[in-house]
Amino acid sequence: MRTGDFMGHPAQPAGLPGRETPSLAVMLSSQTEQLALCRELEDIADSLPASVNRQKCIFAAQALATLVKRSHAYEEDVFFPWLEALSEADAPLLSILERLKFEHFEDECYAEELVEVLMKLGRGDPVNMEATGYMFRGFFEARRRHIAFERDHLLSYIRP
Ligand SMILES: [Fe+2]
């Protein structure tokens, strides 16, 4: 590793002109919250169809409605533009960021559907349990993969 390198990436100035420097603490805290929510959704999926905790579904719906959008807003308004402005930003990095933004869009649409289903479960309304379990698993597995990818490939650009 060259002098001044950080975790394999060339050291960057603390700030780039006109860009808010992303905070590693904010990114890690947001990812930790999202992974905790994934665990909640997995617990709910495992509890279908007979042991659903309705209050837990309402809490998960409330968290899901805000957390995903808030996390994506920070990444897309602060972190990704900062990465795009780095001198070392190249075509592969820019195409990774495009792919991640598309995954954000897909997951936000998916999250809106999940919020509706969670509210139905919370109210005790009938839902297709098999489809609901499948939907939950598709969402939290995709979120976990997305977060693991960002941790492995992007977070090391930010100085602690
Ligand atoms: Fe993301």
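Residues numbered from 1 in each chain as written. Predicted model: local features only at pLDDT ≥ 70, side-chain atom pairs only at ≥ 80, totals over all residues.

S.K.: So what exactly am I meant to see when it comes to the overall build of the protein chain here?
M.R.: Across its full length, the protein chain carries four helices and zero strands. Put simply, the protein chain runs from its N terminus to its C terminus through helices and strands in the order α-α-α-α. (Helix = DSSP H or I, 4+ residues; strand = E, 2+ residues; numbered from the N terminus.)

S.K.: Would you explain the environment of Q34 in this entry?
M.R.: One can find Q34 in helix α1 (residues 24-47). Remark: the alpha-carbon pair of Q34 and A63, spanning 29 residues in sequence, is separated by 9.3 Å.

S.K.: Help me understand the nonpolar core in this model?
M.R.: One broad rule of soluble globular proteins: the nonpolar side chains tend to lie buried together. Ranked by size, the top nonpolar core spans 14 residues in total, and within it L41, A60, L64, L114, L118 and F136 carry the most contacts. In this view, L64 contacts L37, A111, L114, V115 and L118; residues no more than four positions away in its chain are not counted. Counting residues in each nonpolar core, the second largest holds seven residues, with M27, F79, L83 and I158 among its members. (Core = buried A, V, L, I, M, F, W, Y, C linked by C-beta atoms within 7 Å. Buried ≥ 20, exposed ≤ 12 C-beta atoms within 10 Å, placed from the backbone. Contact = placed C-beta atoms within 7 Å.)

S.K.: Where do I start with α1 in this structure?
M.R.: Every α-helix carries 3.6 residues per turn, so stepping three or four residues along brings you back to the same face. Over its 24 residues, α1 runs 35 Å from end to end, which matches the ideal 34 Å to within 8%, given 1.5 Å per residue. By the burial criterion, the buried members of α1 are M27, S30, Q34, L37, L41 and I44. (Expected span 1.5 Å × (residues − 1).)

S.K.: What is the right way to look at the confidence of the model for the protein chain in this model?
M.R.: Regions with low pLDDT carry predicted coordinates that are not meant to be interpreted in detail. For the protein chain, the average pLDDT comes to 87, and 88% of its residues sit at 70 or higher. Under a pLDDT of 50 for its full length, residues 1-13 has, in the predicted model, 12 contacts with residues more than four places off or in other chains. (pLDDT = per-residue confidence, 0-100.)

S.K.: Would you mind showing me how to read the environment of V78 here?
M.R.: Within the secondary structure, V78 is located in helix α2 (residues 54-85). A residue is classified by how many C-beta atoms lie within 10 Å of it, and V78, with 17 of them, is partly exposed. With 55 residues separating them along the chain, V78 and S23 place their C-alpha atoms 9.1 Å apart. With near-sequence residues (within four places) excluded, V78 lies in contact with E20 and P22.

S.K.: Would you mind showing me how to read the packing of α1 against α2 here?
M.R.: The description of two packed helices rests on the angle between their axes and on the distance between the axes. Put simply, α1 and α2 touch, their axes get as near as 10 Å, and they point 150° apart. With respect to α2, the element α1 is oriented roughly antiparallel. For the pair α1 and α2, the crossing hand works out as left-handed. Contacts between α1 and α2 involve V26, M27, S30, E33, Q34, L37, E40, L41 and I44 from the former and K56, C57, A60, A63, L64, L67, S71, Y74 and F79 from the latter. A per-class count over the contact of α1 with α2 returns 12 nonpolar, three polar and three charged. (Axes fitted to C-alpha atoms, helices over the stretch in contact; angles between N-to-C directions. Parallel < 35°, antiparallel > 145°, perpendicular 65-115°, else oblique. Left-handed = near helix turned anticlockwise from the far one by under 90°. Nonpolar A, V, L, I, M, F, W, Y, C, P; charged D, E, K, R; others polar.)

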